[in-house]
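Read off the chains here:
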Amino acid sequence: MTKKKGTRTSIGDLVGALGRRAPFDLAEEWDNVGFLAGDAADELKGVVVTVNLGPEALAAAEKAGANAIVCHHPPIFKPVSKVTRSSSPYLYEALRRGIGVVALHTNFDLSSEPLSRELSATLGFPFKDFLAPRGGSALPRSARLGKFVTFVPEDKLDVVREAVCRAGAGRIGEYTQCSFSTEGEGTFFGGEAASPKTGKAGRLERVRERKLEVVFAWKSLADVIAAARAAHPYEEMAYDVLELAQPSRALGYGFVGEPGGRPTGHLAFDKVLDNVKETFQLRSVTVAGPGMSKPDMKVGRLAFSPGSGSSFVGAACAKGVDVYLCGEVGYHQMLEARQKGLTLVLLGHGYSERFFVETVAGWCESEAAAPVKKIFETVHENF
Ligand SMILES: [Zn+2]
């Protein structure tokens, strides 16, 4: 979007800009992200960024005259059969006041490598890898790459290549119009009803052809095929579509970091805890596993994932992590960690997502020609 201050921005423009920072189609299939309530055509008057759509965010929107709330946890998760004051009070209130609601959830988590790099450095364990890289079949299909292959007579190669590239194929990083072609011979035998562009129906034809290969983002599959078909000279275009294992860019949840550059290659656990509390502005955290009784334990590898960390305890163990920092896990994951010698540091779900608010508010400030307010609500408290 990137409009100059003072120009008109709609809620839809804000949604579009956020979708470019954290593509909505990256979200897990069970998730529900994007523009969830409101009127996209409304002029944007102000934005509130929050972890949850709750009373604090609504009060802040009212005070600031804001009509968009960007939240981390989707206020609509499963299909809803009604939106009444008693069934969904906060969503009802947002709709009643004409406030647009946008959710960035797993699409944000998978798009936050820059944040992970910054946070890992602040904690003293610079980024080495994602805690749970996402690629291949684990990635939503829309975030994968495909390869389009077709067979074109030599003199039409450029026409077809240009057409598919205009439809979005052939992009690799900062390069466009990337393609590869090889020479070969095609054969066909046209039936009685066929009207071949070259040769005749009713006999075996041999034609010098080029095999053209281009990568494309899976979401542009239909456009690429349509463009190729329109530009291809043959009555029947022969083509292959292959699904590639690599994602369109490096994606993953959380991070694993190591104190690189230190002569010792590790930090003492009590120092790690001090860094964590300072970074996340916490008075206390919950510790489980070996670190409970060993404050001077050497920490050579630290992992972090925001929110619920239950599903990544196994990944942290497999990556040789000493300390795994996350929002929360269940008692059974604490037992699993103890058994495997992994120390867990639990920040509390909401506190571990503090940097969602900071990051997304920054995005909104640089994209929206409207005031942006950050809300960090206290849903639970450590005493
Ligand atoms: Zn969460």
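The rules behind these values
Numbering of residues starts from 1 in each chain and follows the order in which that chain's sequence is written. Since the coordinates come from a predicted model, pLDDT governs what is reported: local features require at least 70, and pairs of side-chain atoms require 80 or more to be given and counted, while whole-chain, interface and lining totals use all residues. Computation of side-chain values covers all heavy atoms of the structure but excludes hydrogens and water. Every helix listed is a DSSP run of H or I at least four residues long, and every strand listed is a run of E at least two residues long, numbered separately from the N terminus. Burial classification: accessible surface area is computed with a 1.4 Å probe over protein chains only, and a residue below 20% of its type maximum counts as buried, one above 50% as exposed, and the rest as partly exposed. We call two residues in contact when some of their heavy atoms are within 4.5 Å. Under this rule, positive means Lys or Arg and negative means Asp or Glu; His and the chain ends count for nothing. Where a charge lies is defined by one atom per residue type, namely NZ (Lys), CZ (Arg), CG (Asp) and CD (Glu). Coordinating N, O and S atoms are those within 2.8 Å of the metal (3.2 Å for Na, K and Ca), and as water is not part of the atoms, a site may appear to have fewer donors than expected. At least two bridges found by DSSP between two strands is the condition for calling them paired. In this description, a line fitted to the C-alpha atoms serves as the axis of each element, helices being fitted only across the stretch in contact, and the angle between N-to-C directions of two axes falls anywhere from 0 to 180 degrees.

**So, the overall build of the protein**
Then, number 1: Helix and strand counts for the protein come out as 12 helices and 19 strands.
Then, number 2: The buried share of the protein, taken over its 383 residues, is 46%.
Then, number 3: For the protein, restricting intrachain contacts to residue pairs at least 6 apart in sequence, the fraction spanning at least 24 positions comes to 73%.
Then, number 4: Each charge class in the protein was averaged separately, 46 positive and 45 negative side chains, and the resulting centres sit 2 Å apart.

**Focus: the coordination of the zinc ion**
Then, number 1: Looking at the zinc ion, one finds its protein donor set to be His 73 (NE2), His 349 (NE2) and Glu 353 (OE), positioned 2.0 to 2.1 Å from the metal centre.
Then, number 2: Within one chain, the residues donating to the zinc ion are spaced in sequence as H-x275-H-x3-E. With His 73 in the loop between strand S3 (68-71) and helix H3 (89-96) and His 349 in helix H11 (residues 349-352), this residue pair connects regions lying 276 residues apart in the sequence.

**Section: the sheet that holds strand S19 (residues 372-374)**
Then, number 1: In spatial order, the strands read S1-S4-S3-S2-S19; together these 5 strands make up an open sheet with mixed pairing. The open sheet is flanked by strand S1 (34-37) and S19, the only strands paired with a single partner. With direction set aside, neighbouring strand axes in the sheet form an average angle of 25°.
Then, number 2: Pairing between strand S2 (residues 47-50) and S19: 3 bridges, direction parallel. Paired with Val 48 across the bridge in S19 is Lys 373.
Then, number 3: Running over the sheet, helix H2 (residues 55-64) touches S2, S3 and S19 and is turned about 160° from S2.
Then, number 4: The sheet contacts of helix H12 (residues 354-367) involve S2, S3 and S19, and relative to S2 the element is tilted by about 155°.

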